[in-house]
Amino acid sequence: MNEIIRSGTALLPYAVETFPPELNASTPGKPVTATLKVVVGAGLTRSVRCDRLTVKLRIGEGASAWTGNRTALDSGVVGGESPGQGDGWTKYDGYPEGDWQVFEFEPTTTAVFDGNWRLTLNVFNIEVNSAPGWAEFQVVEKTSTSGATTDKVTNAQYQKAPSAFVFHSFHPKDLLVGNGDRATLLWQGTQDAAYTMYWGETHEELKFGPDQPFGEWRSPELHTPTGFMLQARYTEDGKTYERTLTTTVSVITPDLELRHLTVNGTLTAKGAVTAEGTLTANSTITANGALTVAGDTALNGHVTAVGSGKTVRIRELRGPVKSGGQTADPALLIKSDVTVNSANLFSVRNMIGLGTYPTIDIEGHLKLSSSGRTTTINGPLVAKGNVTLDQKSLHQPPQDNKLTVKSAAAMEGATKFTGPVQGYRTSYSRNWGQNTAPTSSNKYTATAPTDGLLYGQILCYDNTRYNDNIGFKGSLHVTVAGRTYRCDAPILRQSGAGAQHYTLTAPVRQGDSIAVHITNDTTSIYYSKLAIGLVWRPFGQDSPLAGFTRTAEAEPSIVDNEPAPPDSEATATD
């Protein structure tokens, strides 16, 4: 544990640490031998002249003492070899001074500490006593900023924790995580201690249990490189001891938050760029992701939208600003009616609205009377007012005047058709021959791509010689959006099948679920003697069901290539 200590009268700050970093009191089974390191000269912003440094350690068996064996102690010094740094330092043997053991260090010439170099004073072979507490020491400096040097004392303490209190190995499981991922932090220590995790401006008191094992913690989602500090607190005999460890987790392609950013060259953003205030760029801005600007945006050059499938969305499109700072009338502001008349040209390559299905939403009336001009609307058109189509307004030549909507058309008011209304005449079919029809455990399923009608029929190719077999023997079940439609194939006579075709019709709405299967009277008829066929007629869009094929308009046959009904000499199935 590295601590910076300062005194109100001393001129030098000191960075103090021990080895091992976690200093614990000794026990008979686990004696502790430590080294005290005092680093001089860190963090100075002025020059300090120094003629001597002295380190004193409290000796005894109590909580405020380091060791009871002063004779084992030794000292050393590292650094200060260069001119101006003392030209080499001498360490003197330690000597007793009451309850203190004193170690002196002197430079060959006066040393000048200026923040650019360090001197390390070591006291070795500290046989730590068995009393937990805070061991006292002093650093006496003979210093000045100018003139003669004088002694100045810095008093300090260093924690000796109980032997049961350990805390070490705090580290992330992965040093690098993706943007938006969570980090796992691990450590080892005394479970009886209380732990608090700090990061950013947030902290969390850690609780451990079956769902949160000790020694492991999951961070929230990380978007920037984040430093974590874990503090452990252990209480014994009414005294609380603390230890703190830190670690850092890096983030791949992290977010960046700045107060001001001025870019005089090219700025390339591969993700979203959000500017809530003024965004000033004196050169090109390239954003390969979304660019969101919450404040006003002044574009002094051309605005070009390029690339296949790219979209430009503008809530209000206004004209330029007049000279003198007065705002001109908007060149294009759509809030009510849209009228295109005479020979004026209204040209939009693609007009796309918001939502899953792009929509052109006009709150006022829409009047198309371009007198020979062509207007094509490729997406849904929602007009809450009147829609007026004048002569030649949509297509040329005049006899082809019509409204073509290539996607959904939603009409909220009454709709009146004065001419013929025609739907699609295309049919699609799918057949299952004998021994191939779907069963209740292996149903045919599909989702309707559009509105339409589903026709079904069942054929029975069985016969019987017994009167009690006459009746419904095979059934076709078609379930549409939870509602089941059924038709049955009976055996009509003893001498043969006589089933022929038995049909059903089911109305279907776009998005409805469809399930098809057959059942049979297992006591009198074989499943293998049943065949079915389905015909799908879509409305609104020419779309097949899964597995269906287009059928010639003149012959929308359901079941093809089936064998002729068996003759009356076949044997019964039961």
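Reading the values: rules and limits
- Residues numbered from 1 in each chain as written.
- Predicted model: local features only at pLDDT ≥ 70, side-chain atom pairs only at ≥ 80, totals over all residues.
- Heavy atoms only, no water.
- Helix = DSSP H or I, 4+ residues; strand = E, 2+ residues; numbered from the N terminus.
- Buried < 20%, exposed > 50% of the residue type's maximum accessible area, 1.4 Å probe, protein only.
- Contact = heavy atoms within 4.5 Å.
- Areas by Shrake-Rupley, 256 points an atom, 1.4 Å probe, with all protein chains shown as cover.
- Pairing = 2+ DSSP bridges.
- Patch = residues over 30% accessible without salt bridge, like charges linked within 9 Å, V, L, I, M, F, W, Y side chains within 5 Å.
- Salt bridge = Lys/Arg side-chain N within 4 Å of Asp/Glu carboxyl O.
- Phe/Tyr/Trp six-rings, centres within 6.5 Å; stacked < 30°, edge-to-face > 60°.
- pLDDT = per-residue confidence, 0-100.
- Polar contact = N/O pair within 3.5 Å; in protein donor to acceptor, adjacent residues only side chain to side chain.
- Axes fitted to C-alpha atoms, helices over the stretch in contact; angles between N-to-C directions.
- Core = buried A, V, L, I, M, F, W, Y, C linked by side-chain atoms within 4.5 Å.

Explain the overall build of the chain residue by residue, including any values.
Assigned secondary structure in the chain consists of 0 helices and 38 strands. Across the 574 residues in the chain, those meeting the buried criterion constitute 35%. At a minimum sequence separation of 6, the contacts of the chain that also span at least 24 residues come to 67%. If you sum the accessible surface of the chain, you get close to 33500 Å²; carbon and sulfur atoms cover 47% of it.

Please give an account of the pairing of strand 10 (residues 119–127) that cites residues and values.
On a regular strand, one side chain projects to one face of the sheet and the next to the other, so that they alternate. Note that strand 3 (residues 33–40) and strand 10 share 7 bridges and pair antiparallel. Each residue of the ladder has a partner; that of Val40, found in strand 10, is Leu119. Across 5 bridges, strand 5 (residues 74–78) lies against strand 10 in antiparallel orientation. Note that in strand 10 the partner of Gly76 across the bridge is Asn122.

Talk me through the environment of Ser82; I want residue IDs and the actual numbers.
Residue position: Ser82 is located in the loop between strand 5 and strand 6 (89–91). The class of Ser82 is partly exposed, set by a relative accessible area of 33%. Residues Ser82 and Ala111 lie 29 residues apart in sequence; the distance between their C-alpha atoms is 9.5 Å.

Kindly report on a nonpolar patch on the surface, identifying the contributing residues and their values.
On the surface, a nonpolar cluster with roughly 310 Å² of combined accessible area is contributed by Leu175, Leu176 and Ile252. Note on placement: Leu175 falls in the loop between strand 13 (167–172) and strand 14 (176–178).

Break down the packing of aromatic side chains for me, with residues and values.
Under the criterion given, the structure shown has 18 aromatic pairs. Geometrically, the ring pair formed by Trp66 and Phe137 is edge-to-face, given 6.1 Å between the ring centres and 70° between the ring planes. Placement of the pair is Trp66 in the loop between strand 4 (48–58) and strand 5 and Phe137 in strand 11 (residues 133–144), with a sequence separation of 71 residues. Pairing Trp217 with Phe228 gives two aromatic rings, centres 6.0 Å apart and planes at 70°, and the pair type is edge-to-face. With a gap of 11 residues between them, Trp217 in strand 18 (residues 216–221) and Phe228 in strand 19 (residues 226–236) connect regions that are remote in the sequence. Across the pair, exposure class does not vary: Trp217 and Phe228 are buried alike. One aromatic cluster in this structure is built from Phe167, Trp187, Tyr195, Phe208 and Phe214.

Could you give an account of the confidence of the model for the chain, naming the residues involved and the relevant values?
With 68% of its residues at a pLDDT of 70 or more, the chain shows a mean pLDDT of 80. Predicted confidence in the chain is weakest over strand 25 (residues 338–341), with a mean pLDDT of 56, and strongest over strand 8 (residues 100–107), with 98. Predicted confidence is poor over residues 328–333, with pLDDT under 50, and the contacts of this stretch with residues over four places away or in other chains come to 13 contacts.

Which residues make up the side chain of Asn24, and what values do they have?
Among the structural elements, Asn24 can be located in the loop between strand 2 (14–19) and strand 3. At a separation of 2.6 Å, a polar atom in the side chain of Asn24 contacts the main-chain carbonyl oxygen of Pro162. Reaching out from Asn24, the side chain makes a polar contact with the backbone oxygen of Phe165 at a distance of 2.8 Å. With near-sequence residues (within four places) excluded, Asn24 lies in contact with Val32, Val128, Ala161, Pro162, Ser163, Phe165 and Arg243.

Tell me about the sheet that holds strand 5, and please be specific about residues and values.
On the basis of which strands lie adjacent, the open sheet formed by 5 strands has the order 1-2-3-10-5 and antiparallel pairing. Across the chains shown, the open sheet's two edge strands, defined by having one partner strand only, are strand 1 (3–5) and strand 5. Between one strand and the next, the sheet's axes are offset by a mean angle of 25°, whatever the strand orientation. Sheet topology places strand 1 next to strand 2; 3 bridges connect them, and they run antiparallel. Bridging across to strand 2, Ile4 finds its partner in Ala15.

Kindly report on the pattern of salt bridges, identifying the contributing residues and their values.
A pair can form between side chains of opposite charge whenever their charged atoms are brought close. Counted under the stated rule, the structure contains 11 salt bridges. Of the charged contacts in the structure, one is a salt bridge between Glu97 and Lys56, with a shortest N-O distance of 2.9 Å. Here Glu97 is found in strand 7 (residues 95–97), whereas its partner Lys56 is found in strand 4, with 41 residues between them in sequence. A relative accessible area of 36% places Glu97 in the partly exposed class. Overall, the relative accessible area of 13% leaves Lys56 in the buried class. Notably, a salt bridge pairs Arg58 with Asp99, separated by 3.9 Å at the nearest N-O pair. Here Arg58, found in strand 4, pairs with Asp99, found in the loop between strand 7 and strand 8; they are 41 residues apart in sequence, far enough to count as distant.

Summarise the sheet that holds strand 13; cite the residues concerned and give the values.
As a general point, the strands of a sheet are linked pairwise by backbone hydrogen bonds and lie either parallel or antiparallel. Pairing within the open sheet is antiparallel, and its 3 strands lie in the order 13-15-18. Each of the sheet's edge strands pairs with one partner strand only, and the pair in question is strand 13 and strand 18. Averaged over all pairs of adjacent strands, the angle between their axes in this sheet comes to 20°, without regard to strand direction. Sheet topology note: the strand 15 (residues 182–189)/strand 18 ladder contains 4 bridges and is antiparallel. Across the sheet, residue Arg182 finds its bridge partner in strand 18, namely Glu221.

Summarise the side chain of Thr184; cite the residues concerned and give the values.
On the secondary structure map, Thr184 appears in strand 15. Beyond its immediate chain neighbours, meaning those up to four positions away, Thr184 contacts His171, Pro172, Lys173, Glu216, Trp217 and Arg218.

Any details on the nonpolar core? Residues and values, ideally.
Leu36, Leu53, Phe113 and Phe137 are the most contacted members of the largest nonpolar core, which has 36 residues in total. Residue assignment for this core shows that the elements contributing at least two residues are strand 2, strand 3, strand 4, strand 8, strand 9 (111–113), strand 10, strand 11 and strand 12 (150–160). The dominant element in this core, judged by the number of residues it contributes, is strand 4, at 5 residues.

Just give me the short version of unusual backbone geometry, but keep the residues and values in it.
Excluding glycine, most residues fall at negative phi; most peptide bonds, likewise, are trans. Along the chain, Phe19 connects to Pro20 via a cis peptide bond; the corresponding omega equals 0°. Tracing the backbone through its elements, the reader meets Pro20 in the loop between strand 2 and strand 3. Residues other than glycine seldom take positive phi values, yet Ser169 does so here, at roughly 60°. For Ser169, the position within the fold is in strand 13. We classify Ser169 as partly exposed; its relative accessible area is 37%. Despite not being glycine, Asn435 has its phi angle at roughly 70°, a positive value. Looking at the element boundaries, Asn435 is found in the loop between strand 30 (427–432) and strand 31 (444–447).

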